[in-house]
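# Breakdown of the fold
These are the residues of each chain, in order.
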Amino acid sequence: MDRVLIADDHPLVRDGLRAVISLAFEGCELFEAATLDEALGVLGEGAEFDLVLLDLNMPGATGFDGLDRMVAQFPATPVVVVSGSHTAALVRGALAHGAAGFVPKSLRRSAIAEALRAVLDGEVYVPADIAEEITTEDAAEASIRRRIDLLTPQQRVVFGLMVAGRLNKQIAYELDVSMTTVKAHVSAVLAKLEVFNRTQAVILANRVGFPPVIPTRK
DNA sequence: AGGTTTCAGCCATTCACCCG
DNA sequence: CGGGTGAATGGCTGAAACCT
């Protein structure tokens, strides 16, 4: 590893990363940036970088847009996200936006060095515990989708209206059937989704992005 | 025949309202 | 304020009609 850019607005964090990298990768040339524009400027100077360590929350960047801009402008440079928080959703989002790895700031020095080596070897690095959490979540969501697949077409329509927040009475009106019919469909949906009430069903729907049904009848 | 859709009837819970 | 009452709503079950 020859050239690394550390992009973080906190000098203390930059110092810490600098110490870890210079210890683990002897002779490595280190560059620093405190804002997103500064980081993009350094990368745009021409010389190739082996790695960028990017903080998601820097001046000029909110959410994943800083990562997006960097990946779009320098697709050949691996970007490792360095973050203070490390929820499964955040890690998943970072990877989806093109990050080559995710390193929590709470990680041990040796683990950070290992993570950077893994990325240099072409791997996508995620801490083991978070990877496990993501795998578990993926399995749970797959299970929800399997259960939703069991619904009949009419049950899916009713479910969609439930997700849209409609009462049984409103669903009955929208579909031009009796309320008891709607209740039967709702009961079938709850049984197939293995939940006890519509609130839990709607939560499952939102978790996997099941679309609400927008009624057409006036 | 078996699955889907529809319905009536029933019970439980929640909430607003009224009355003492 | 607390208890009784009725309406609204959610949910379950059994049964009939319909479709493939």
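What this report covers is the structure whose coordinates are included nearby. Remember, it's a predicted structure, so these values are computed and weren't measured experimentally.

Each value, and the rule that gives it
Residues numbered from 1 in each chain as written. Chains lettered and ligands numbered in written order. Predicted model: local features only at pLDDT ≥ 70, side-chain atom pairs only at ≥ 80, totals over all residues. Heavy atoms only, no water. Phe/Tyr/Trp six-rings, centres within 6.5 Å; stacked < 30°, edge-to-face > 60°. Helix = DSSP H or I, 4+ residues; strand = E, 2+ residues; numbered from the N terminus. Lys NZ or Arg CZ within 6 Å of the ring centre and 35° of its normal. Pairing = 2+ DSSP bridges. Axes fitted to C-alpha atoms, helices over the stretch in contact; angles between N-to-C directions. Contact = heavy atoms within 4.5 Å.

### Quick word on the packing of aromatic side chains
- Following the criterion strictly, the structure yields 2 aromatic pairs and no others.
- Between Phe31 and Phe49, the ring centres sit 5.1 Å apart and the planes meet at 75 degrees, which makes this aromatic pair edge-to-face. Taken together, the residues span a long stretch of sequence, with Phe31 in strand β2 (residues 29–33) and Phe49 in the loop between α2 (36–43) and β3 (51–55) at a distance of 18 residues.
- Directly above the ring of Phe49 sits Arg3, whose terminal nitrogen or CZ lies 4.6 Å from the centroid.
- Arg117 extends its terminal NZ or CZ atom over the ring of Phe25, reaching a point 4.9 Å from the ring centre.

### Re the sheet that holds β2
- The parallel open sheet is built from 5 strands, whose spatial order is β2-β1-β3-β4-β5. With one partner strand each, in any of the chains shown, β2 and β5 (101–104) form the two edges of the open sheet. Sheet twist, expressed as the average angle between the axes of neighbouring strands with direction ignored, equals 20 degrees.
- The pairing of strand β1 (residues 3–7) with β2 spans 5 bridges and is classified as parallel. When the bridges of β2 are listed, Ile6 appears paired with Glu32.
- Docked against the sheet, α2 engages β1, β2 and β3, running at close to 145 degrees with respect to β2.

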